Amino acid sequence: MKKSSDGFLIGRVKSFRYAFKGAFFLITTEHSVITQSLLAVILIISGFLFHITKTEWLFQVLVIGLVLSIEGLNTAVEKLCDFIHSDYHKHIGFIKDIAAGAVTFAALTAVVVILIIYSPYIYEKVI
Ligand SMILES: Nc1ncnc2c1ncn2[C@@H]1O[C@H](COP(=O)(O)OP(=O)(O)OP(=O)(O)O)[C@@H](O)[C@H]1O
């Protein structure tokens, strides 16, 4: 934990360490994040295979980051809900549904962007 006596630099270093610990936790334990990370790896490999342009790489990297970030926040909301109220409660269900809805927006955005990037390459290969 950060202490009030920690200076600016030590405070920043500790914050980064906790943040990377959280990212490592998400990537190694959360099934939804593991699945999305694997999809991200497939997309990165596809990017090299299809020689996508620099702009397409930028959009691809952005949507991968968007989905993983929102999924991470959704996991945090789920953990918080389970911590404050582990039993069934309709408000908890509603809060979790809303957090999952945010992931849906990010995922749909990613699907549209990925289709726009890859459909011309796939079309070119098929025709
Ligand atoms: N304590 C609860 N009370 C009421 N409804 C709940 C509760 N916990 C979960 N739910 C309902 O079940 C759904 C799934 O919740 P859960 O915590 O299992 O998330 P998940 O999306 O399945 O998890 P993951 O992101 O790990 O796949 C919620 O969106 C909500 O509708």
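Residues numbered from 1 in each chain as written. Predicted model: local features only at pLDDT ≥ 70, side-chain atom pairs only at ≥ 80, totals over all residues.

### A closer look at the UniProt feature "binding site: a divalent metal cation" (unreviewed entry) in the chain
- Those places that UniProt annotates as "binding site: a divalent metal cation" (unreviewed entry) correspond, in this numbering, to Glu30 and Glu78. Over a stretch of 49 residues, the named residues converge on one spot in the fold, their C-alpha atoms separated by at most 11.4 Å.
- As for its position among the elements, Glu30 is in the loop between helix H1 (8-29) and helix H2 (31-49).
- Position of Glu78 among the secondary structure elements: in helix H3 (residues 54-84). (UniProt positions renumbered as here; feature names shortened; annotations may be inferred. Helix = DSSP H or I, 4+ residues; strand = E, 2+ residues; numbered from the N terminus.)

### So, the nonpolar core
- In this structure, Val33, Val63, Ile64, Val67, Leu68, Ile70, Ala106 and Ala110 together form the largest nonpolar core, which totals eight residues.
- Going through the elements one at a time, H3 and helix H4 (90-126) are the ones with two or more residues in this core.
- Here this core takes five residues from H3, the largest share from any one element.
- With near-sequence residues (within four places) excluded, Leu68 lies in contact with Val33 and Gln36. (Core = buried A, V, L, I, M, F, W, Y, C linked by C-beta atoms within 7 Å. Buried ≥ 20, exposed ≤ 12 C-beta atoms within 10 Å, placed from the backbone. Contact = placed C-beta atoms within 7 Å.)

### Topic: the site of the ligand
- Every residue close to the ligand is listed here: His31, Ser32, Glu78, Tyr88, His89, Ile92, Gly93, Lys96, Asp97 and Ala100.
- When contributions to the shell around the ligand are tallied by element, the ones reaching two or more residues are H2 and H4.
- Of all the elements, H4 adds the most residues to the shell around the ligand, at five residues.
- Broken down by class, the residue content of the shell around the ligand amounts to three nonpolar, four polar and three charged. (Near = placed C-beta within 6 Å. Nonpolar A, V, L, I, M, F, W, Y, C, P; charged D, E, K, R; others polar.)

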